[in-house]
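Structural overview for review
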Amino acid sequence: MPRDSWVVSGTVRLAVRERGLKGRPPVLLLHGYPDQQEVWEAVAERLASEFHVISYDVRGAGRSDRPARVGDYRLELLADDLRAVIAAVSPERPVHLVAHDWGSIQSWEAVGVDSAPRYFASFTSISGPCIDHVGEWLQDLRRGRGREEAGPLLRQMLHSWYIGMFQLPGLAPLVWRAGLGRVWHRLLSRQEQVRALASATQTADGIAGIRMYRANFPARLRRPQPRTVNLPVQLLIATGDPYVAPAFLRALLRQRASRLPQLQTRELSGGHWQPLAQPDRLAGLVREFVLAQEARRPA
């Protein structure tokens, strides 16, 4: 049965859920925007017989606290939250991190530092590129380097039109309050051909999560931080993703190959919300990757 608890990170309380037996390899599932940890339910159920499975609502989502200031959603603080959860539920053993969408975007901050191996054994990323890597690519283009691959980046900017809209104070929250929160699960189910459930916190989650975009995208694209990940990384590319284009991800990997020395990529059919669309396939890929890394770790 799932075990619910609370972890405090700074002044923020985070709602944490665990499955499976402690002592088994820990797998931490991190959700994106505008989701809650429930987006991982089907995947977690499939992994719990073999692993110690952990998930939590990120700040601003689900049952976790929702700070009101934009600055409280900086990547540094989101990474602190992730480390606080690991320290509380898996203090003796680094976790295999699996993250989707904004869960992945915020995870690059935590896995791309020298202390990462203390907390993480591996990283599986789905539909969430590293903002710092994108910022470095933009810097290269301004300096005249890599222009032959500028096309995928420019097309991705068109895919990501909503990020610009989110920078306008008041507009996106107004849309959520006007009724988007009440119908979001139906829109998602229809667009992605998945079964998304209604959430009582959806409107509040949608409004609070916009602060992540406002706190991080402008600053990091202008002043990216060097982010080299010295961990085994599995990048899962959804070939039908309408939000994070496969061609963009492949080009980004070519541009920043030196930042990911232990990278392997796999492709998945279908759209953006892979945890809902293909839980069997996704759980199988996670299991395969985690067991391969565990076999290489010293006893």
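Residues numbered from 1 in each chain as written. Predicted model: local features only at pLDDT ≥ 70, side-chain atom pairs only at ≥ 80, totals over all residues. Heavy atoms only, no water.

Moving on, we come to the overall build of the chain. Along the backbone of the chain there are 12 helices and eight strands. A compact globule built from 299 residues should have a C-alpha radius of gyration of about 19 Å, and the chain, at 18 Å, falls within 12% of that. The dimensions of the chain, computed from C-alpha atoms along their principal axes, are 50 × 45 × 40 Å. Considering the chain as a whole, with its 299 residues, one finds that 58% of them fall into the buried category. Within the chain, counting contacts between residues at least 6 apart in sequence, those at least 24 apart form 78% of the total. When the accessible surface of the chain is summed, it comes to about 13000 Å², and 53% of that surface belongs to carbon and sulfur atoms. Here the chain carries 40 positive and 29 negative side-chain charges, and the mean point of each set is 3 Å from the other. (Helix = DSSP H or I, 4+ residues; strand = E, 2+ residues; numbered from the N terminus. Rg over C-alpha atoms; globule rule 2.2 N^0.38 Å. Buried < 20%, exposed > 50% of the residue type's maximum accessible area, 1.4 Å probe, protein only. Contact = heavy atoms within 4.5 Å. Areas by Shrake-Rupley, 256 points an atom, 1.4 Å probe, with all protein chains shown as cover. Lys, Arg positive; Asp, Glu negative; His and termini not counted. Charge placed at Lys NZ, Arg CZ, Asp CG, Glu CD.)

What follows is about the sheet that holds strand β5 (residues 95-100). If you trace the eight strands from one edge of the open sheet to the other, you get β1-β2-β4-β3-β5-β6-β7-β8, paired in mixed fashion. Edge positions in the sheet fall to β1 (3-9) and β8 (263-268), since each has one partner strand and no second. Geometrically, the sheet is characterised by an average inter-axis angle of 20° between neighbouring strands, direction not taken into account. Across four bridges, the pairing between strand β3 (residues 26-30) and β5 is parallel. (Pairing = 2+ DSSP bridges. Axes fitted to C-alpha atoms, helices over the stretch in contact; angles between N-to-C directions.)

Right, let's get into the nonpolar core. Across soluble globular proteins, nonpolar side chains have a tendency to be buried as a group. If you look at the biggest cluster of nonpolar residues, it comprises 46 residues, and the most contacted ones within it are L28, Y56, L82, V85, F120 and F248. Here the element with the most residues in this core is helix α2 (residues 75-89); it accounts for six residues. In this structure F248 touches P129, V134, W137, P152, L153 and Q156, once residues within four positions along its chain are discounted. Counting 44 residues, the second largest nonpolar core, distinct from the first, contains Y33, W40, W184 and L282. (Core = buried A, V, L, I, M, F, W, Y, C linked by side-chain atoms within 4.5 Å.)

Another point: the pairing of β3. In terms of burial, β3 is a largely internal element, five of the five residues being buried. The alternating pattern of β3 places P26, L28 and L30 and V27 and L29 on opposite faces, both of which are buried. Sheet analysis places β3 next to strand β4 (residues 52-56), joined by five bridges and oriented parallel. Of the residues in β4, the one forming a bridge with V27 is V53. The handedness of the β3 to β4 crossover, carried by helix α1 (residues 41-47), is right-handed. (Right-handed = clockwise from strand over helix to strand, strands pointing away.)

Scanning all chains against the criterion turns up 17 aromatic pairs. With centroids separated by 6.3 Å and ring planes inclined at 50°, the aromatic side chains of Y119 and F120 adopt a geometry described as tilted. F120 carries the same exposure label as Y119, and that label is buried. With centroids separated by 6.0 Å and ring planes inclined at 80°, the aromatic side chains of Y162 and Y243 adopt a geometry described as edge-to-face. (Phe/Tyr/Trp six-rings, centres within 6.5 Å; stacked < 30°, edge-to-face > 60°.)

In this section: a nonpolar patch on the surface. A contiguous nonpolar patch, built from L168, L171 and V175 and spanning about 230 Å² of accessible area, is present on the exposed surface. Along the chain, L171 falls in helix α8 (residues 171-192). (Patch = residues over 30% accessible without salt bridge, like charges linked within 9 Å, V, L, I, M, F, W, Y side chains within 5 Å. Salt bridge = Lys/Arg side-chain N within 4 Å of Asp/Glu carboxyl O.)

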